[in-house]
Amino acid sequence: MKAIELEKSYNPKDFEDRIYDNWVKSGCFKPASDPSSPIHQTYLDKKSKNIKVAKYTVVIPPPNVTGVLHMGHGLNNTLQDIVVRYHRMKGDDTLWIPGTDHAGIATQNVVERALKKEGKTRNDLGREKFLERTWKVKEEHHTIIVKQQKKLGNSTDWDRERFTYDEGLSAAVRDVFVTLYERGLMYRGKRLVNWCPRCGTALADDEVDHEDTQGAMYHLYYEYADGSGKIEVATTRPETFFGDTAVAVNPTDERYTALVGKKLKLPLTGKEIPIIADDYVDKEFGTGMVKITPAHDPNDWEVGLRHNLEVVNLLTPDGRLNENVPEKYRGLKPEQARALVIEDLEACGLYKGEEKMVHSVGHCYRCKTVVEPYLSDQWFVKMKPLADKALAAWKAGDLKFFPQKWENTYSHWLENIRDWCVSRQIWWGHRIPAWYCQKCGEIIVSRTNPEKCTKCGCGAEDLKQDEDVLDTWFSSWLWPFSTLGWPQNTSDLDTFYPTTALVTAYDIIFFWVARMIMAGLEFTGKAPFHDIYIHGLVRDKQGRKMSKSLGNGLDPLEIIDMYGADALKFTLSYMCAQGQDVLVDKDSFKMGSRFCNKVWNASRYILGNLEGRNLVPVKDSDLTELDKWIYACLNRAVENARAAFESYRYNDAASALYEYFWNDFCDWYVEATKLSFKNGDDAEKDRAASVLLNVMEESLRLLHPCIPFVTEEIYGKLPLSEIAENRKKAGEQKIISNSTYADLLVDAPYPEVQEGRNNEEITKRFEVLKELIRNIRGLRVECGLDPASKLHVAVKIIAGSSAEVIKEKTDMVELLAGVRQIDFVDNAPAKSIGTVGTGFEAFLLVDEGINTEQLKARFEKEIAEEEAVVKKSEAKLNGNFAQHAPAEVVQAERDKMAESQRRIEKLSGYLKSL
């Protein structure tokens, strides 16, 4: 046959886009049960034979349509793609659903920032025009995101793509809202909520980021109303005392028992407030007297409810002081009012002073504005009944976290859950399906737009829909089943729900993961997935989170442009250990690029040497010991990779692939087969080439989930029909693969563990050979000998050991170790340098081919250098260093000294031998 040419250099830009387009065009990302899938017939054949076909479904965590994907998305999408490709090749009915999130507040902020540059606000446009503009932003960003995901190689079924604000998901959102209302789990009430003045909306508790901030504790005096004295209270926000409606003491605090019920004058106002008793107060903290501001502190709110205190809201929706404060402070921002209030209190003699402190302050998770406790009418979901079901499902084993430690985070949040504020005072999002009758005040919650009031019967013209929209997570928590057509009973919902796995980062366990589980159980009666793989975040090499402000972010498309998508995918998977963040910079991806280059160059060598060869059927009985060894290595790699993929140990899977292909296949097997092509007759060369192609074809299938593009490109060059025909002629074998070929590698079967390949004896023998060759190569380096020079070595073998193989494989040792002559001896030869291995001793003979004096001088110089290291380390360890340096640093110094001492002993032995 003719040689098969691959381009001299690995250049992913030559084929990645072409391959992806072909995958999509061929329907390769469809589940096998879909009639348009190229492997649908295989699926039907299995069903006709009553062979059970497992299902594997994943829904993508939908990226926000607020911008472009970052490296965190790159990691998340890569990890999903790897397991999806693995399960598809494994024969499972596999579906990966793509989609994007409308991201209410975040997307509205993008549009409002653009309007601000034009000198406009959303109110200048009006709701309808504003939404039109927001849809345009969505479309622009969606186009970019999809392009990025395709460049990454995402094997998602694009015909099933969804959007959290599309027509179907909007219907699901409305149905869930109404159902919760009907079940008494959705209610509207005036409550204290987290309020973002910048976004002008309420936020859920888990949408508030708490940051340590420099502040102060301010000490104030309140006078008794009867003029008999004054008390001291403290606060971090003196401007809020205008909303105080009581001062509380602990009922067991004997200092203040007689004061309960006494009135206080609220400074700078004409108001009087009572002293009350409540267990909330810690009598050991400060003066044991606490000012109570129900409208501006969550704990004070609870105290206010218990004592039926007046609730005085001090803020406008944009975060300024309102009409409930004296006129001179109205319209000021809190920090402006604070300075003025302190000045006025000082003038009245009611200000004691301040203490600087660092305290935790809540910020909006989107715009980073300080969040205010704010009293307003909002819609809430009663979460405890939902949380109880989610906890029960976890305890019953319906959910499994990888790694398991995240179970504690999950259970702790659910056990301490609070009601979820789901209404948002913005325009972009699902509008709340509630209408208010302008005549009788009735609230109508409906799946369809009501035509009349259900109470007084007035027409639709007197019904006003709630202006608010729902929290963006209210649509996201329905994602696993709404994307499959729920609430309709679709075939996709019946086939692919519950989904199998969720792959996501740990920073949205509260926002999303737990809520999806609650929604799935409440509305479908089933947990939405079983496997929950929680991966770390992508950080820079210093462990810092990537951000625009630090300028340390990495663009996945830039990395792909530099190295290719496979390099990005393999590097991230190789570095992704369970429970750890991934620390990378641009240079990190050179590792993946080198591996892809290795795969390309090895394949190019093999295919380029097929000139004049005839591929022949090969049976197990035709295999050499070398062939059986590589099949044992392949079998071990298949077993390790499968086990790692099944348990989401991505770094273990990538390591197994790397170790097998780079070391076992390329560095040992391919190099050793050169003996057959160098010394064998035509029949042997044809046999060796046929085995080599068989192993290579299966190796490409093994590697495909982690490096899909380069393996697909090479696979398409193989003489697949001839390989398959020869396998058919050879018949059923226990070692050589019996798989038939697929037109595209993405559809080919993943290698399976074959017991017939395991051979411990051959593995032991080849480990000895490899150890000998490595030791000889090591001696060459130690002695500074020319890599091209041919060495003269002697080997002493322990009778009956695995090392006897050396006598049988001298030609392999000579080829791979660069040896011209091997002598087998009973004793160590004179003038030689030795090394010890399993069942053997090997000696480099210092004969006429080696300059003894130069060698002695080299060893003496290295001994002197190592002795200097030891001397320096001893001085450090005997001085103050050992007492003051960290323990791990001291141990590292001891290890360095011990290594130098071992090297001195070794080199001294070499000198003695000479």
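Below is a short write-up of the structure. (Residues numbered from 1 in each chain as written. Predicted model: local features only at pLDDT ≥ 70, side-chain atom pairs only at ≥ 80, totals over all residues. Heavy atoms only, no water.)

**What about the overall build of the protein?**
Then, number 1: Each helix and strand in the protein was counted, giving 30 helices and 29 strands.
Then, number 2: Seen through its principal axes, the protein has C-alpha atoms that stretch 115 × 80 × 55 Å.
Then, number 3: When each of the 914 residues of the protein is scored for burial, the buried share is 55%.
Then, number 4: Put simply, 76% of the contacts in the protein that link residues at least 6 apart link residues at least 24 apart.
Then, number 5: Taken as a whole, the protein presents about 40,300 Å² of accessible surface, with 47% of it coming from carbon and sulfur. (Helix = DSSP H or I, 4+ residues; strand = E, 2+ residues; numbered from the N terminus. Buried < 20%, exposed > 50% of the residue type's maximum accessible area, 1.4 Å probe, protein only. Contact = heavy atoms within 4.5 Å. Areas by Shrake-Rupley, 256 points an atom, 1.4 Å probe, with all protein chains shown as cover.)

**Brief notes about empty space enclosed by the protein**
Then, number 1: For the structure on display, the rule yields four cavities of 30 Å³ or more.
Then, number 2: Approximately 60 Å³ is the volume attributed to the largest cavity.
Then, number 3: Around the largest cavity sit Leu626, Trp629, Trp668, Ala672, Phe766, Leu769, Lys770, Ile773, Met812 and Leu816, which together line it.
Then, number 4: Mapped onto the lining of the largest cavity, the elements with two or more residues apiece are α19 (625-646), α20 (650-672), α25 (760-782) and α27 (810-817).
Then, number 5: The dominant element in the lining of the largest cavity, judged by the number of residues it contributes, is α25, at four residues. (1 Å grid on protein atoms, 1.4 Å probe; cavity = no way out; pocket = protein on both sides within 12 Å on 5 of 7 lines; lining within 4 Å. Points joined across faces, edges and corners; volume = space filled by probe spheres on them.)

**A short note on the side chain of His141**
Then, number 1: Here His141 is to be found in helix α6 (residues 127-152).
Then, number 2: Taking the relative accessible area as the measure of exposure, His141 reaches 14% and is therefore buried.
Then, number 3: Other than its neighbours up to four places away in sequence, His141 contacts Val65, Thr66, Gly67 and Val110.

**Topic: the packing of aromatic side chains**
Then, number 1: Applying the stated criterion across every chain yields a total of 47 aromatic pairs.
Then, number 2: For the ring pair Trp135 and Tyr165, a centre distance of 5.4 Å and an interplane angle of 20 degrees mean the geometry is stacked. In this pair, Trp135 is assigned in helix α6 and Tyr165 in the loop between β4 (162-163) and α7 (167-182), connecting sequence segments 30 residues apart.
Then, number 3: Classification of Tyr165 by relative accessible area gives buried; the value is 16%.
Then, number 4: Put simply, the rings of Phe177, Tyr181, Trp379, Trp420, Phe474, Trp477, Phe481, Trp486, Tyr497 and Phe523 pair up and form one aromatic cluster.
Then, number 5: One Lys or Arg, Lys138, reaches over the ring of Phe163 and ends 4.4 Å from the middle of that ring.
Then, number 6: In this arrangement the basic side chain of Lys150 is found over the ring face of Trp158, its NZ or CZ atom lying 5.3 Å from the centre. (Phe/Tyr/Trp six-rings, centres within 6.5 Å; stacked < 30°, edge-to-face > 60°. Lys NZ or Arg CZ within 6 Å of the ring centre and 35° of its normal.)

**Quick word on the sheet that holds strand β26 (residues 791-797)**
Then, number 1: Strand order in the open sheet formed by four strands is β27-β26-β29-β28, with mixed pairing between adjacent strands. For this open sheet the edge positions go to β27 (819-824) and β28 (832-837), each flanked by a neighbour on one side alone. Neighbour to neighbour, the strand axes of the sheet diverge by 25 degrees on average, direction disregarded.
Then, number 2: Note that β26 and strand β29 (residues 840-845) share five bridges and pair antiparallel. Among the inter-strand pairings, Lys796 is bridged to a residue of β29, identified as Glu841.
Then, number 3: On the sheet, α25 packs against β26, β27, β28 and β29 and is oriented at approximately 145 degrees with respect to β28. (Pairing = 2+ DSSP bridges. Axes fitted to C-alpha atoms, helices over the stretch in contact; angles between N-to-C directions.)

**Concerning a positive patch on the surface**
Then, number 1: Judged by side-chain charge, Arg113, Lys116, Lys117, Arg198, Lys333 and Lys548 come together as a positively charged surface patch.
Then, number 2: Looking at the element boundaries, Lys548 is found in the loop between β24 (538-539) and α16 (556-563).
Then, number 3: With relative accessibility at 86%, the residue Lys548 sits in the exposed group. (Patch = residues over 30% accessible without salt bridge, like charges linked within 9 Å, V, L, I, M, F, W, Y side chains within 5 Å. Salt bridge = Lys/Arg side-chain N within 4 Å of Asp/Glu carboxyl O. Lys, Arg positive; Asp, Glu negative; His and termini not counted. Charge placed at Lys NZ, Arg CZ, Asp CG, Glu CD.)

**Notes on the packing of α19 against α20**
A pair of packed helices can be characterised by two numbers: the angle between their axes and the separation between those axes.
Then, number 1: Across the interface, α19 lies against α20 with an axial gap of 8 Å and an inter-helix angle of 170 degrees. Between α19 and α20, the angle falls in the class roughly antiparallel. Of α20, the residues touching α19 (which contributes Leu626, Asp627, Trp629, Ile630, Cys633, Leu634, Arg636, Ala637, Asn640, Ala641, Ala644 and Phe645) are Asp652, Ala653, Ala656, Leu657, Tyr660, Asp664, Phe665, Trp668, Tyr669 and Ala672.
Then, number 2: Split by residue class, the contact of α19 with α20 holds 17 nonpolar, one polar and four charged. (Parallel < 35°, antiparallel > 145°, perpendicular 65-115°, else oblique. Nonpolar A, V, L, I, M, F, W, Y, C, P; charged D, E, K, R; others polar.)

**Some points on the pattern of salt bridges**
Then, number 1: Throughout the structure, instances matching the rule amount to 63 salt bridges.
Then, number 2: A salt bridge links Asp81 to Arg85; its shortest N-O distance comes to 2.8 Å. Pair noted here: Asp81 and Arg85 are both in helix α3 (residues 71-90), with a separation of four residues, about one helical turn. Neither residue differs from the other here; Asp81 and Arg85 are each classed as buried.
Then, number 3: A salt bridge links Glu232 to Lys352; the nearest nitrogen and oxygen atoms lie 3.1 Å apart. With a gap of 120 residues between them, Glu232 in strand β8 (residues 230-235) and Lys352 in strand β13 (residues 351-364) connect regions that are remote in the sequence.
Then, number 4: Among the charged side chains, a salt-bridge network with shared partners connects Lys30, Asp34, Asp157, Asp159, Arg160 and Asp492.

**Re the environment of Glu767**
Then, number 1: In this structure, Glu767 sits in helix α25.
Then, number 2: Taking the C-alpha atoms as reference, Glu767 lies 47 Å from Asp34; in sequence the two are 733 residues apart.

**Observations regarding α16**
Then, number 1: Pro556, Ile559, Ile560 and Tyr563 are the residues of α16 that are buried. Down the axis, α16 shows its buried residues gathered within 100 degrees of arc, on one side only.
Then, number 2: In the core, the buried residues of α16 are packed alongside α1 (16-25), α3, α6, α17 (565-575) and α18 (590-608).
Then, number 3: If you check the start of α16, you find a side-chain oxygen 3.0 Å away from the backbone N of Leu557, and it comes from Asp555.
Then, number 4: The positive-phi residue at the C-terminal boundary of α16 is Gly564, with phi of around 100 degrees. (Arc of directions from axis to C-beta. Polar contact = N/O pair within 3.5 Å; in protein donor to acceptor, adjacent residues only side chain to side chain.)

**Observations regarding the nonpolar core**
Then, number 1: Residues Tyr660, Phe665 and Ile806 are the most contacted members of the largest nonpolar core, which totals 146 residues.
Then, number 2: Residue contributions to this core peak at twelve residues, all from α20.
Then, number 3: When residues no more than four places from it in sequence are discounted, the contact partners of Phe665 are Ile606, Ile630, Tyr660, Val670, Leu692, Val695 and Met696.
Then, number 4: Membership of the second largest hydrophobic core comes to 74 residues, among which are Ala172, Val173, Phe474 and Tyr497. (Core = buried A, V, L, I, M, F, W, Y, C linked by side-chain atoms within 4.5 Å.)

**A closer look at the sheet that holds strand β5 (residues 186-196)**
Then, number 1: Read across the open sheet, the four strands follow the order β6-β5-β14-β16; overall the sheet is antiparallel. Each having just a single partner strand, β6 (201-203) and β16 (420-421) make up the two edges of the open sheet.
Then, number 2: With respect to the sheet, helix α8 (residues 298-307) is in contact with β5 and β14 (372-381), its orientation differing from that of β5 by roughly 140 degrees.

**Remarks on the side chain of Asp471**
Then, number 1: Structurally, Asp471 is set in the loop between β21 (469-470) and α12 (473-476).
Then, number 2: You can call Asp471 buried: its relative accessible area is 2%.
Then, number 3: Within polar-contact distance, the side chain of Asp471 engages the side chain of Trp420 at 3.1 Å.

**A closer look at unusual backbone geometry**
Glycine aside, the phi torsion of most residues is negative, and most peptide linkages are trans.
Then, number 1: Here Trp486 and Pro487 are connected by a cis peptide whose omega angle stands at 15 degrees.
Then, number 2: For Pro487, the position within the fold is in the loop between α13 (479-482) and α14 (491-496).
Then, number 3: The omega angle of the peptide bond from Tyr497 to Pro498 is 0 degrees, so this bond is cis rather than trans.
Then, number 4: Note that Pro498 resides in the loop between α14 and β22 (501-505).
Then, number 5: Its identity is not glycine, yet Leu268 carries a phi of approximately 65 degrees, on the positive side.
Then, number 6: You can see Leu268 is positioned in the loop between β10 (263-265) and β11 (272-277).
Then, number 7: The residue Asn308 is not glycine, and still its phi comes out positive at about 55 degrees.
Then, number 8: Topologically, Asn308 is positioned in the loop between α8 and α9 (334-348).

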